[in-house]
There are 2 protein chains.
Amino acid sequence: MTASDADRVARVGLSRLGEPGDPRISALLEEMGAVRLFAALTEECDLEGVHTDVAARLAGADPGRDLERAESRGIRFVVPGDDEWPPQVGDLAGAGTVHDRGGAPLGLWVRGPVRLDQLQDSVAIVGSRSSTAYGEGVARAVAGDVVTRGMTVISGAAFGIDQAAHRGAVAAGGATVAVLASGVDRPYPVAHTRLIQHLADHGAVVSEVPPGSAPTRVRFLIRNRLIAALSRGTLVVEAASRSGALSTARWAERLNRTVMAVPGPVTSIQSAGPHDLVRSAAAQLVTSGAEVLELLGASGSHLIVEPCRQTRARDVLRPREARVLDAVPVSRPATTESIARTAGLGLVAVQTALGFLARDQFVERLEEGWRLGPQGRA
Amino acid sequence: MTASDADRVARVGLSRLGEPGDPRISALLEEMGAVRLFAALTEECDLEGVHTDVAARLAGADPGRDLERAESRGIRFVVPGDDEWPPQVGDLAGAGTVHDRGGAPLGLWVRGPVRLDQLQDSVAIVGSRSSTAYGEGVARAVAGDVVTRGMTVISGAAFGIDQAAHRGAVAAGGATVAVLASGVDRPYPVAHTRLIQHLADHGAVVSEVPPGSAPTRVRFLIRNRLIAALSRGTLVVEAASRSGALSTARWAERLNRTVMAVPGPVTSIQSAGPHDLVRSAAAQLVTSGAEVLELLGASGSHLIVEPCRQTRARDVLRPREARVLDAVPVSRPATTESIARTAGLGLVAVQTALGFLARDQFVERLEEGWRLGPQGRA
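Residues numbered from 1 in each chain as written. Chains lettered and ligands numbered in written order. Predicted model: local features only at pLDDT ≥ 70, side-chain atom pairs only at ≥ 80, totals over all residues. Heavy atoms only, no water.

1. Some remarks on the interface of chain A and chain B
Every contact between the two is made by 30 residues of chain A and, on the other side, 32 residues of chain B. Taken over both partners, the interface formed by chain A and chain B buries close to 2,500 Å², and the fraction arising from carbon and sulfur atoms is 56%. The largest contributions to the chain A side of the interface with chain B come from Arg242(A), Val266(A) and Arg279(A), which together make up 25% of the buried area. Inspection of the chain A/chain B interface yields five salt bridges. For Glu291(B), the salt bridge is made with Arg279(A), and the minimal N-O distance between the two is 3.3 Å. Counting across the chain A and chain B interface gives six residue pairs in polar contact (both at pLDDT 80 or more). At five residues, the largest contribution of residues to the side of chain A that touches chain B is made by helix H4 (residues 50-58) of chain A. Its residues assigned to classes, the side of chain A that touches chain B shows 12 nonpolar, six polar and 12 charged. (Contact = heavy atoms within 4.5 Å. Buried area = accessible area lost by both parts, 1.4 Å probe. Salt bridge = Lys/Arg side-chain N within 4 Å of Asp/Glu carboxyl O. Polar contact = N/O pair within 3.5 Å; in protein donor to acceptor, adjacent residues only side chain to side chain. Helix = DSSP H or I, 4+ residues; strand = E, 2+ residues; numbered from the N terminus. Nonpolar A, V, L, I, M, F, W, Y, C, P; charged D, E, K, R; others polar.)

As structure tokens, this is what we get:
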């Protein structure tokens, strides 16, 4: 299912006119719909003072062209009604107040292969920019653990904990998503240009402000609510008393998400925030990725009773098939002869086994030979 | 008020015959009283098998002489009915089971000026023998903090956290009490002879086994219940998974005392115990002596005044002013029109806001436009 083109284009226009989470625009949107609201604003109706505020941005507004240009650069604008729309951000509707500008986003600009509707199994890993080596190590380890078990990591793109979380997820070969306060084509901080490009290539980079937008203080705060809303739970790794990570935790609490905090030395200022969260019962203490999964796992799927091994598809294979499968390279195809050599098995036995393995999609036959299929990579 | 001499002497005798916390002796004591029970055992009545167990110890038993000799060496035997008897250990009656031998003590052997009836305002600080420098530092600091505010520290006399807690209390000039698994005249570990002597001179050394008794494994475990029972709350500073400190915490929980735990690096085995206690909601996380006092303090007397956050200049701004301020570049000046575009606000509103902001030095007007002023850069 897809939202109508007119609705999408109107939301692009509104996304450029207003500031994210403006409760007046949210209210008007609900009342009038995006198409009528955008038309009214371009026709200079001063709805609750919104027109006056956005007048300067109206000049030359051409959302249709904006959308085309974005799409030509591999940026999509996901709106409610799209298959990709992440339903969980709907929890933001009504969660905002005039003071903290917290309504649901008009739409989300996205770069990257990870789809937003696949973020149900995700955990936000957030924390201080001025983190310690200890905090960064924990963030990396936890991120690696959770992606290995199929979760997606969500964070900002700041120095410190954000960066460590992404790097931990990337190193473990998992999916990770950065939510920016600037446009998805405008890396901030600039020093993270390559990191953000990597996430755009392999994960996703998400923003609620249009491409080209600058990050501002307000946008950082309002961005935090999206990180909390998109994920099933928020983990605060390190945070001094005024850290923005605490605002993400507060949003997560407000949205009834699981809030978790990593303890650390009581002598570390960067662990004061997590300790405060635990002391005030706002967060649960966790010390590992396994504990994060235990708290977030769907109906006991991640309970840590004992490290009982997940049954994988390959557990059903017969020993000889498993041995052949182990000899098939991940991406680069290999010939039957080469696989037989690697497996230390006879050619006929290997051919037979490959036939069974191909039937069940453990391997795929290409012109140049065999490589792992979807089941084999799982 | 004082217990009768006959009762005290009989309890001395029972204290030498049985092992501490023997539930059979507790039950018989309640039924028969100390004098009749001791007489029956010396007359070889085999009450519920107790006589068989204690027969070897009966030979030459002379509790009257034991008591005299102890008193001549500055050791007193405090029993229920004495003014000095600490009423809170009465909570142990019935708390024990046959399995964990947890009844109330027959009496308590004491050396030192601190009176046991003055331990209502006390906190047990316990933890691992193989502690880290971090844990010892926290134990010292917390002990120093709480004694400065009039609390007494209670602990064992082991290496590691016990020692650090006593040293912290002593260094701060406060009262501290060691509960031993051996006789109060038999320092264990021997390396702590001077520490224990210091406590006997300035605090108190307490035991439920008679002078001269050796420490045994069972006596250590049964001793832990006394540490928990004597104090208003138990703080576990560091503890690996099987640490005896966790048994003290379990006793404290069972006795409805406050159980507290100090967080530490998740990478430290010695912090695993405290983290487990917090995760299972058996303990509350604390990071300082002030927080211990807040949890234990009598009716709010130690409430922590929130370290009221530093108000920064920009916190006083109204939302619209803050938004305009965010749109003002740091160094390069911008025109009012450009600021209005960036802020997404009307020109008049922006002009008004800039006026207020300039008055308070958040922005400065240059010929080419506006830039941040001293307050805005702060």
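What follows continues from the structure just given.
2. With respect to the sheet that holds strand E4 (residues 152-155) of chain B
Strand pairing within a sheet occurs via backbone hydrogen bonds; the two strands may be parallel or antiparallel. Residue and element names in this part refer to chain B. Read across the sheet, nine strands follow the order E1-E2-E6-E5-E4-E3-E7-E8-E9 without closing on themselves; strand pairing throughout is mixed. Every interior strand has two partners, whereas the edge strands, strand E1 (76-78) and strand E9 (284-285), have only one. The pairing of strand E3 (residues 122-126) with strand E7 (residues 233-236) spans four bridges and is parallel. Residue pairing across strands places Ile125 opposite Leu235, the latter belonging to E7. (Pairing = 2+ DSSP bridges.)

3. Overview of a negative patch on the surface
Together, Asp5(A), Asp62(A), Glu68(A) and Glu71(A) give the surface a local cluster of negative charge. In this structure, Glu68(A) sits in helix H5 (residues 63-72). (Patch = residues over 30% accessible without salt bridge, like charges linked within 9 Å, V, L, I, M, F, W, Y side chains within 5 Å. Areas by Shrake-Rupley, 256 points an atom, 1.4 Å probe, with all protein chains shown as cover. Lys, Arg positive; Asp, Glu negative; His and termini not counted. Charge placed at Lys NZ, Arg CZ, Asp CG, Glu CD.)

4. Quick notes on the pairing of strand E10 (residues 363-366) of chain A
All names here are of chain A. Direction of pairing for E10 relative to strand E11 (residues 369-372): antiparallel, over a ladder of four bridges. Note on E11: the bridge partner recorded for Arg365 is Trp370. Connecting E10 to the next strand, E11, in antiparallel fashion are two residues.

5. Description of the pattern of salt bridges
Any two side chains of opposite charge can pair if their charged atoms end up close together. Residues and elements named next belong to chain A. This model, assessed by the stated rule, comprises 32 salt bridges over all chains. Close ionic contact of Glu84 with Arg76 constitutes a salt bridge, the shortest N to O distance being 2.8 Å. By relative accessible area, Glu84 is classed as buried at 9%. Taking the shortest distance from any N to any O, the salt bridge between Glu208 and Arg225 comes out at 2.8 Å. You can see Glu208 sitting in the loop between strand E6 (204-207) and helix H9 (217-230) and its partner Arg225 sitting in helix H9, a full 17 residues away along the chain. Summarising the burial analysis for this pair, Glu208 and Arg225 share the class buried. One connected set of salt bridges, linked through shared partners, spans Glu19, Arg57 and Arg219. (Buried < 20%, exposed > 50% of the residue type's maximum accessible area, 1.4 Å probe, protein only.)

6. A look at the sheet that holds strand E9 (residues 284-285) of chain A
Residues and elements named next belong to chain A. Judged by pairing direction, the sheet is mixed, and its nine strands sit side by side in the order E1-E2-E6-E5-E4-E3-E7-E8-E9 without closing on themselves. The two strands at the open ends of the sheet, each matched to only one other strand, are strand E1 (76-78) and E9. The strands touched by helix H8 (residues 193-202) are strand E2 (108-111), strand E5 (176-180) and E6; relative to E6, the strand with the most contacts, the crossing angle is about 105°. (Axes fitted to C-alpha atoms, helices over the stretch in contact; angles between N-to-C directions.)

7. Here's the deal with helix H15 (residues 347-359) of chain A
Residues and elements named next belong to chain A. The first and last C-alpha atoms of H15 sit 18 Å apart over 13 residues, in line with the 18 Å expected at 1.5 Å per residue. Turning to H15, its buried residues are Val350, Ala353, Leu354 and Leu357. One side of H15 holds all its buried residues, which, seen down the axis, span an arc of 105°. Facing away from the buried side of H15 by over 90 degrees, the exposed positions are Val348 and Arg359. On its buried face, H15 sits against helix H13 (319-326), helix H14 (336-343), E10 and E11. Of the residues trailing H15, Gln361 is marked for its positive phi of about 65°. (Expected span 1.5 Å × (residues − 1). Arc of directions from axis to C-beta.)

8. Side note on the packing of helix H6 (residues 133-148) of chain B against helix H12 (residues 289-296) of chain B
All names here are of chain B. Following both chains from N to C, one finds H6 and H12 inclined at 50°, their axes separated by 8 Å at the closest point. Classed by the angle they form, the pair H6 and H12 counts as oblique. Read as a crossing pair, H6 and H12 show a hand that is right-handed. Residues Val142, Asp145 and Val146 of H6 pack against Gly289, Ala290, Val292 and Leu293 of H12. When grouped by side-chain class, the residues that make up the contact of H6 with H12 number five nonpolar, one polar and one charged. (Parallel < 35°, antiparallel > 145°, perpendicular 65-115°, else oblique. Left-handed = near helix turned anticlockwise from the far one by under 90°.)

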